[in-house]
Amino acid sequence: MTTSTPGSLYSIETEQSLLGALLINNEAFGAVCDVLTADNFAEPIHRTIYEVAARHIRDGKRVTPVTLKTSLPNSDIGGLGIHAYLSRLCAEATTVLNARDYARVIRDLHIARQLAAIGDDIRNASDATHSPSEALSSAWKRVEALRLVAEEATDDTLSIGEAARRMADIVTDIRQGKQEPAISTGLIEYDRALGGGYRRGRLYVEAGRPGAGKTVKALVSARRIAKAGHGVRFQSLEIDNSEVAARILASELSRSHTPVPYRDIVTGQIDDERHERIAEASLRMQDWPLQIDCTGGLTMAQIESRSRLQKERALKSGKNLDVVVIDYLGLVKATDRYKGNQTAELGDITLAAKTMSKKLDVAVVLLSQLSRGVEAREDKRPNMADLRQSGNIEEHADAVTFCYRPAYYLEKSPKYRASDPEAMAEMDAVKNSLELIIDKNRLGPTSARQSWCDVSLNSTEDVVRQW
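This structure is a prediction, so every number in the text was calculated from the model and none was measured.

## Some details on the nonpolar core
Judged by nonpolar contacts, the single largest core of 43 residues is most densely connected at Tyr198, Phe234 and Val323. Other than its neighbours up to four places away in sequence, tyrosine 198 contacts Ala182, Ile183, Thr185, Tyr190, Tyr204, Glu206, Lys217, Ser221, Ile225, Val323, Ala363 and Val365. If you look at the next biggest cluster of nonpolar residues, it comprises 35 residues, including Val32, Ile49, Tyr85 and Ile106.

This is the structure in structure tokens:
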């Protein structure tokens, strides 16, 4: 095995640290797979390890030193067998957070080695078979190829003619039923307001005060999107897997003759009939393309890494990841870039969510809390000024929707608590009302859409429900 020296065009230690991170946490692959290829590694055994590990991860297999050793040649590596060497890599691993930076170093050193090789070829081109102009022409072609490799993002520049032709083809596919213009949110009126539903490459911010119904609405949409066959990732930074599962089960059963409040599912306080219905519903969900991740304290880079890995696996099986829901903005861990400046931090997170939607070609639905300012007003309907540090969030979002439940405020009023007849009658009229107020909309006018909501059943429907 080669060893790194100061000023050399390779870093064995960086390669070892990156591979160690991959073996310890396979999510590291999602963070580096669009930056790094096996050919970028200077050490031959490292190329083999990365190539085999990448293939296994894309196939949905768990990669560890134990599972990987049988797929690798048991050669001597610096006096170590393959299993011992893989264990050494784990001991020297970097973190998933740093993996992408390490991948860039490995890739950049690969490019530097290729540039050095081009320089050597030019110096050696003095023989009679190559003229200086031929050598330079060949060198420029190779340099241009390397420049394209060095660019992490693809160039989306198109002539207007090509862009128009592609759009015409999309319209044709839509008219022939070969392509969906958007992904239905599960609420017909909300879809119409958004221009058909959620679209890949766009960021949708859905905000509300605690208890306003934003998580209810988001989970209902996630369930219906997955039930329709679209891949969904629900990234909850607040509630755990058990509650998310209970809410989705309750939502699935809400239209049956035996609905079950999700709190009863969580506590197990159900009779035999409802227990049977829950078991039946859970079986129906086995093949739904809905992944739930309730890991707390993640950064947007980590969320993107996990989403990219899910998309890789979905594409491997002939499916896709279409929508990522993040619950919620205020719990996404900020980087140190704007430490102490909350406005800049939230703007940076929102921009990262928008960038992720384009890079992964998914619709990102980012839930957000509202400031307490709305509580002090007589009219509790939220507006853009209530969105915490709204300037940056509004700037990056393609659509901003506010969730408003009048019953949330009415049940706290002194009259309702005193069983005032007028307040009780008002509650009867609004107890299932959820208003979706669209205050920014790139594909249509701003407007409000009424929907039916039962928080206890984690259910939302169009006002005229199709039962």
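## Some remarks on the pairing of strand β6 (residues 399-404)
For β6, a buried count of 6 out of 6 residues is recorded, marking the element as mostly surrounded by other parts of the structure. Note: strand β1 (residues 203-208) against β6, 4 bridges, orientation parallel. In the sheet register, valine 205 faces β6, and the bridge partner there is valine 400. Pairing analysis gives 6 bridges linking β6 to strand β7 (residues 433-441), with the strands arranged antiparallel. Across the sheet, cysteine 403 pairs through a bridge with leucine 436, a residue of β7.

## Re the packing of aromatic side chains
On inspection of all chains with the given rule, the structure shows 5 aromatic pairs. An angle of 85 degrees between the planes, with centres 4.9 Å apart, marks the rings of tyrosine 408 and tyrosine 409 as edge-to-face. Of the two residues examined, tyrosine 408 and tyrosine 409, each falls in the buried class. Among the aromatic residues, ring-to-ring pairing joins Phe29, Phe41 and Tyr50 into one connected group.

## Digging into helix α13 (residues 272-284)
The periodicity of an α-helix, 3.6 residues per turn, causes residues three or four positions apart to be oriented the same way. The end-to-end C-alpha distance of α13 is 19 Å, a good match for the 18 Å that 13 residues give at a rise of 1.5 Å each. Between the side-chain oxygen at the start of α13 and the backbone nitrogen of glutamate 273 there is a gap of 3.3 Å, and the oxygen is on aspartate 271.

## Observations concerning the sheet that holds β7
What the 9 strands build is an open sheet, ordered β3-β2-β4-β5-β1-β6-β7-β8-β9; its pairing is mixed. The open sheet is flanked by β3 (290-293) and β9 (459-462), the only strands paired with a single partner. Mean inter-strand twist for the sheet, computed between neighbouring axes without regard to direction, equals 25 degrees. As paired strands, strand β4 (residues 323-327) and strand β5 (residues 363-369) are joined by 4 bridges and run parallel to one another. When the bridges of β5 are listed, valine 323 appears paired with alanine 363. Sheet contacts for helix α10 (residues 214-227): β1, β2 (232-236), β3, β4, β5, β6, β7, β8 (447-454) and β9; angle to β9, the most-contacted strand, approximately 75 degrees. Packing against the sheet, helix α11 (residues 241-253) makes contact with β2 and β3, and its axis sits at approximately 145 degrees to β3.

What counts, and where the lines are drawn
- Residues numbered from 1 in each chain as written.
- Predicted model: local features only at pLDDT ≥ 70, side-chain atom pairs only at ≥ 80, totals over all residues.
- Heavy atoms only, no water.
- Core = buried A, V, L, I, M, F, W, Y, C linked by side-chain atoms within 4.5 Å.
- Buried < 20%, exposed > 50% of the residue type's maximum accessible area, 1.4 Å probe, protein only.
- Contact = heavy atoms within 4.5 Å.
- Helix = DSSP H or I, 4+ residues; strand = E, 2+ residues; numbered from the N terminus.
- Pairing = 2+ DSSP bridges.
- Phe/Tyr/Trp six-rings, centres within 6.5 Å; stacked < 30°, edge-to-face > 60°.
- Expected span 1.5 Å × (residues − 1).
- Polar contact = N/O pair within 3.5 Å; in protein donor to acceptor, adjacent residues only side chain to side chain.
- Axes fitted to C-alpha atoms, helices over the stretch in contact; angles between N-to-C directions.

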